[in-house]
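Close look at the chain arrangement
Listed below are the residues making up each chain.
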Amino acid sequence: MLMRKTARIKNQSSSFITTALFTVAFSSALVGCPDDKSTKQATPPSAVSVFNVVTQEVGDYREFVARTEAFQEVKIRARVEGELIERHFDEGSAVEKDQLLLRIDPSEYRSTVAEVEADLKSKKAAASAAQRDLKRGRDVASQGFISQSDLDKLLTNFEQATAAVKAAEAELEKAKLNLSYTEIRAPFAGRIGKVNYDVGNIIGPSSDELAELTDVDPIYVSFQVEEADYISYRQQHQTPDRDPRDVPIDLSLRLPNNSVFPGKGVLDFADTKINRNTGTVELRASFDNPDGMVMPGLFVTLIVESTNKKELALIPQVAVQENQQGKFVLVVNDENTVSMRVVKLGRRINAMWVVESGLEAGEKVIIEGLQKVRQGAEVKAVEKNVDATTGTITSKANS
C-alpha cells in the first residue's frame, strides 16, 4: 500500500511540472510575437533610383549599312623607267598639292633632251639653207637660168627641211616631258600610304603602284536603297530632276565603335539606274572630315532622319522591361507609389529609347532597384542623371 501511495505522488508531481512548463512556453510565445499590423508599419519603403523623363525633337528615321570612301584617291605610278633615287615624304603623312614625292634618276633623260636640242638646231640650220636656196632659185628662174623642174626640187627640199624642224621640236617636247616625269609630285593634298619600292629599285610604267594618295576631307559614305522604297519616294515627292542635296533630311553617322560622328552630312549623289543584280539604287552622302578621323573602307551606319520632327519622350534603356503585354516601365507618382506603364518604343539613340506613346515629360521611371519593388508598392525615390551617350548613371550631386 505504501508503494501505491508513493507512485501516485510521483505522477501528480510530473503532471504539475509539465503544466508549468507549457504555461511558461505559451507566455513566452505571446510576448515574442508582435501583430502583423505592427510589423508592416515598421518596414521602411524601398529606395529606388528614378530618371526624370525628358523630351527631344525626333523625326522619322531609317538606318543603312554603308561604306566610307575617299573624296579623291590616286595610285601613284612611274611614267618613265629608271632608278628610284629619292623619297621626300614619310609614309602615312600628309602632303601638299604639287609636293615632290619621289625622284627617278634624270641623267639619261637630260642627255636625251640635250641630244634632241642639238638635232633641232641642225634641222633649223638645214631649213634656213633650203629657204635661201629656194629664194635664189625663184630669183633666177624668172630670167630663165634654171628650169621649172629644178625650182620644184628646191621647193621640195625647203618643205622637207621645215617638216624636219617640226618633228625635231616635237621630239624635244617629248624629251622634256619625260624628264619632268622623273619628278613625281602630289596631284592634290592628302595623306600618302605605304611605299612599295625602296630607293635603289628600278621602276617604270610596268611596275606596280609606288604608293597611294587619298584625300578624306570630305569623306564619302555610299549606301543602297531598295528599289521599292526608292520608287515610293519618287512617287511621293514627284521630283525626278531635283538636286539630291535639296532633299529635306538630316544625315548622321554611327561609327563601328557605336560612337556618333560629330556633324551632319548632305546627300550629294543618287545613281541614275537600278542595279539589276541587287535591286537597289546607290546613293552617296558627304561629311566634313577635317581631322581625318573617318578613314576610307569603314563599315558604318548611316542614320537618315526627316526634318519634320516632333517632341517625344526619351528614357534610358535600363528602365525598360518586357512581359507578355510587351515593353513596360515602372513609374513613381507624386505619392511615391509604383505603377506599371506599357510603352510603345521607337528608335534607339545611343543609350536612350524614344517613347512614341505611354509616357510624358516630367514623369519618373525607375532605373535602379527594379527587382525590389512591384506595382502598388510605396518607395523612396532618389533622382539620378543618365548619360545619354554611354548610359552611365550618376547622382544629382555629381552633375
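Anything mentioned here points back to the structure above.
Notes on the structure follow. Given the structure is predicted, the values throughout are model-derived calculations rather than measurements.

1. Digging into the packing of aromatic side chains
Under the definition given, this model contains three aromatic pairs. Considering the side-chain rings of Phe261 and Phe287, the 6.3 Å spacing of their centres and the 75° angle between planes classify their relative orientation as edge-to-face. In this pair, Phe261 sits in strand S11 (residues 260-270) while Phe287 sits in strand S12 (residues 280-287), placing the two residues 26 residues apart along the sequence. Note on Phe287: relative accessible area 0%, which makes it buried. The ring of Tyr220 has Arg284 lying over it, and the distance from NZ or CZ to the ring centre is 3.9 Å.

2. Structural notes on the sheet that holds strand S8 (residues 202-203)
One open sheet accounts for four strands, arranged S6-S5-S3-S8; its pairing is antiparallel. Edge positions in the sheet fall to strand S6 (183-185) and S8, since each of these pairs with one other strand and no more. Here strand S3 (residues 82-87) pairs with S8 via two bridges, running antiparallel. Bridge pairing in S8 links Glu83 to Ile202.

3. Topic: the side chain of Thr280
Relative to the helices and strands, Thr280 is located in strand S12. Using a relative accessible area of 13% as the deciding quantity, one classes Thr280 as buried. Reaching out from Thr280, the side chain makes a polar contact with the side chain of Thr278 at a distance of 2.7 Å. Not counting residues within four places of it along the chain, the set of residues in contact with Thr280 comprises Gln224, Val225, Glu226, Glu227, Ile274 and Asn275.

4. What to know about helix H3 (residues 107-141)
Owing to its 3.6 residues per turn, the α-helix aligns residues three or four sequence positions apart on the same side. In this model H3 runs 51 Å from its N-terminal to its C-terminal C-alpha over 35 residues, within 8% of the 51 Å that 1.5 Å per residue would give. Listing the buried residues of H3 in full gives Tyr109, Val113, Val116, Leu120, Ala127, Ala130, Leu134 and Gly137. Where H3 is buried, its residues touch helix H4 (148-180).

5. Considering H4
A rise of 1.5 Å per residue sets the reference length of H4, with its 33 residues, at 48 Å; its end C-alpha atoms lie 48 Å apart and thus fit the reference within 8%. Here H4 has its buried residues at Leu151, Ala161, Val165, Ala168, Leu172 and Ala175. Residues of H4 that are buried make contact with H3.

6. As for the layout of surface pockets
Considering only enclosed or pocket space, the second largest pocket measures out at about 280 Å³ in volume. In terms of lining, the second largest pocket is formed by 16 residues, of which the most central are Ser252, Lys264, Glu305, Arg347 and Ile349. Classifying every residue of the lining of the second largest pocket by side-chain character gives four nonpolar, four polar and eight charged.

7. Thoughts on the pattern of salt bridges
Note that side chains of opposite charge can pair when their charged atoms are close. Per the counting criterion, the structure on display carries 16 salt bridges. Across the pair Lys327 and Glu322 runs a salt bridge whose closest N-O atoms are separated by 3.7 Å. Since its relative accessible area comes to 57%, Glu322 is described here as exposed. Glu368 is paired through a salt bridge with Lys384; the nearest N and O atoms lie 3.1 Å apart. Note that Glu368 is positioned in strand S19 (residues 364-368) and Lys384 in strand S20 (residues 379-386), a separation of 16 residues in sequence. Glu368 gets classed as partly exposed once you look at its relative accessible area, which sits at 31%. Lys384 gets classed as partly exposed once you look at its relative accessible area, which sits at 23%. Taken together, the shared-partner salt bridges connect Glu86, Arg103, Glu183 and Arg185 into one network.

The rules behind each value
Residues numbered from 1 in each chain as written. Predicted model: local features only at pLDDT ≥ 70, side-chain atom pairs only at ≥ 80, totals over all residues. Heavy atoms only, no water. Phe/Tyr/Trp six-rings, centres within 6.5 Å; stacked < 30°, edge-to-face > 60°. Helix = DSSP H or I, 4+ residues; strand = E, 2+ residues; numbered from the N terminus. Buried < 20%, exposed > 50% of the residue type's maximum accessible area, 1.4 Å probe, protein only. Lys NZ or Arg CZ within 6 Å of the ring centre and 35° of its normal. Pairing = 2+ DSSP bridges. Polar contact = N/O pair within 3.5 Å; in protein donor to acceptor, adjacent residues only side chain to side chain. Contact = heavy atoms within 4.5 Å. Expected span 1.5 Å × (residues − 1). 1 Å grid on protein atoms, 1.4 Å probe; cavity = no way out; pocket = protein on both sides within 12 Å on 5 of 7 lines; lining within 4 Å. Points joined across faces, edges and corners; volume = space filled by probe spheres on them. Nonpolar A, V, L, I, M, F, W, Y, C, P; charged D, E, K, R; others polar. Salt bridge = Lys/Arg side-chain N within 4 Å of Asp/Glu carboxyl O.

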